[in-house]
Amino acid sequence: MDMIGLAFDDVAELYERVRPRYPADLFADVATLTGAGSGARVLEIGCGPGQATRDLLARGWHVHAVEPGAAMAARARHNFAGSRFTVDVTRFEDWTAPGTFDMLFSATAYHWVAPEVRWQKAAAVLEPGGAVALTTNRTVAGGTFDGVYRASADLHARHAPEIEFGLPQSARSILDEIDPARHDIGALLDAAETKAGPSRAGSLFTAPEIRTYEWTDTYDTTGAVGLLSTYSLYLRVPPERRTRLLAGIADIVRTEFGGTVTRNYLAVLAVARRK
């Protein structure tokens with residue numbers, strides 16, 4: 001994980017409040033596709049404050065997380081105190097497994113694992129036939145948040161020219177990009193999560209089974225600006241310019257959108273088994 005990935009730790013509380021979670025149907029499909037029953041041992045990579053962890057625990061699974069951010073891990077420990085949850089504060093690349101697991105799960109985080117060790121280490125920590133289940137949320141076109149992006153184009157150009165500014169893709173175009181990668185979960189991660197970088201699982205894992213979910217979330221002015229301020233593109237902008245940019249976006253949400261906007265998401269789930 002690079003320094004921008006670790007910078008999420010500085011906004012751990014806000015991250016927990018505003019970052020999108022995942023559809024309930026997704027976790028039902030994780031259970032079905034992996035065959036994991038109550039009591040299964042799940043290794044979660046990059047749990048953050050527990051955006052997906054709560055749903056894993058609700059299935060009756062034992063969750064051991066690896067989270068490089070100390071503040072993120074502390075929030076997760078607090079949130080799941082007394083449950084079947086433990087966490088180690090380290091990078092997955094540097095972590096020594098205490099044993100093997102039935103499933104490796106990661107939600108919008110596995111792209112931070114170094115490409116050269118992603119699949120070898122995943123295979124090493126899984127029982128033979130164990131499953132790797134990866135999911136990610138992609139923002140897609142169609143919500144009123146698109147209008148916020150359009151209205152703030154000049155603000156972005158003035159205060160954050162380093163952001164490669166553009167409107168979200170349609171869900172259909174993302175699905176078209178994913179489709180050719182169905183043969184390999186590494187290729188699928190590269191296609192579904194734009195920051196992943198090329199890596200292939202090759203003969204270590206079966207071709208993934210894929211499920212997709214379209215859904216919408218609603219944000220008030222504070223939530224909309226808070227959400228943007230937790231993304232790596234915005235964390236890269238120096239604080240003084242970022243503050244001016246986000247203040248301008250808040251004004252747009254209040255005055256042009258009545259203080260409420262919607263954002264459309266496409267969640268992608270891929271499940272493959274260790275050969």
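Trainee: Honestly, unusual backbone geometry in this entry has me stumped. Any pointers?
Mentor: Where the residue is not glycine, phi is negative for most of them; where a peptide bond is considered, it is trans in most cases. Even without glycine at this site, T108 takes up a positive phi of about 50 degrees. Here T108 is to be found in the loop between β4 (101-107) and α6 (118-125). The exposure class assigned to T108 is buried, which follows from its relative accessible area of 18%.

Trainee: Where do I start with the pattern of salt bridges in this structure?
Mentor: For side chains bearing opposite charge, pairing can occur when the charged atoms are close. Counted by the stated rule, this structure contains nine salt bridges. For E209, the salt bridge identified is with R211, shortest N-O distance 3.8 Å. Linked through salt bridges whose partners overlap, the residues forming this network are R41, D102 and E127.

Trainee: Whenever I open this one, the pairing of strand β3 (residues 85-89) confuses me. Can you help?
Mentor: Pairing analysis gives five bridges linking strand β2 (residues 62-67) to β3, with the strands arranged parallel. Residue V63 lies in a different strand from β3, and its bridge partner there is F85. In this fold, β2 hands off to helix α5 (residues 70-79), which returns the chain to β3; that crossover is right-handed.

Trainee: Quick question: what am I supposed to make of the packing of aromatic side chains here?
Mentor: Given two aromatic rings, one states the distance between the centres and the angle between the planes to describe the pair. Following the criterion strictly, the structure yields 10 aromatic pairs and no others. With centroids separated by 6.2 Å and ring planes inclined at 75 degrees, the aromatic side chains of W119 and F205 adopt a geometry described as edge-to-face. Linking W119 in helix α6 with F205 in the loop between α10 (185-192) and β6 (209-220), this pair joins segments that are 86 residues apart in sequence. The same class applies to W119 as to F205, namely buried. Geometrically, the ring pair formed by F145 and Y149 is tilted, given 5.5 Å between the ring centres and 40 degrees between the ring planes. You can see F145 and its partner Y149 sitting in helix α7 (residues 145-151), four residues apart, about one turn around the helix. Feature note: the residues F92, W95, F101, Y110, W119 and F205 constitute an aromatic cluster, connected by ring pairs. Positioned above the aromatic ring of F92 is the side chain of K121, whose terminal nitrogen or guanidinium carbon lies 5.4 Å from the ring centre. The ring of F145 has R263 sitting right over it, with the charged end atom 4.8 Å from the ring centre.

Cut-offs and rules
Residues numbered from 1 in each chain as written. Predicted model: local features only at pLDDT ≥ 70, side-chain atom pairs only at ≥ 80, totals over all residues. Heavy atoms only, no water. Helix = DSSP H or I, 4+ residues; strand = E, 2+ residues; numbered from the N terminus. Buried < 20%, exposed > 50% of the residue type's maximum accessible area, 1.4 Å probe, protein only. Salt bridge = Lys/Arg side-chain N within 4 Å of Asp/Glu carboxyl O. Pairing = 2+ DSSP bridges. Right-handed = clockwise from strand over helix to strand, strands pointing away. Phe/Tyr/Trp six-rings, centres within 6.5 Å; stacked < 30°, edge-to-face > 60°. Lys NZ or Arg CZ within 6 Å of the ring centre and 35° of its normal.

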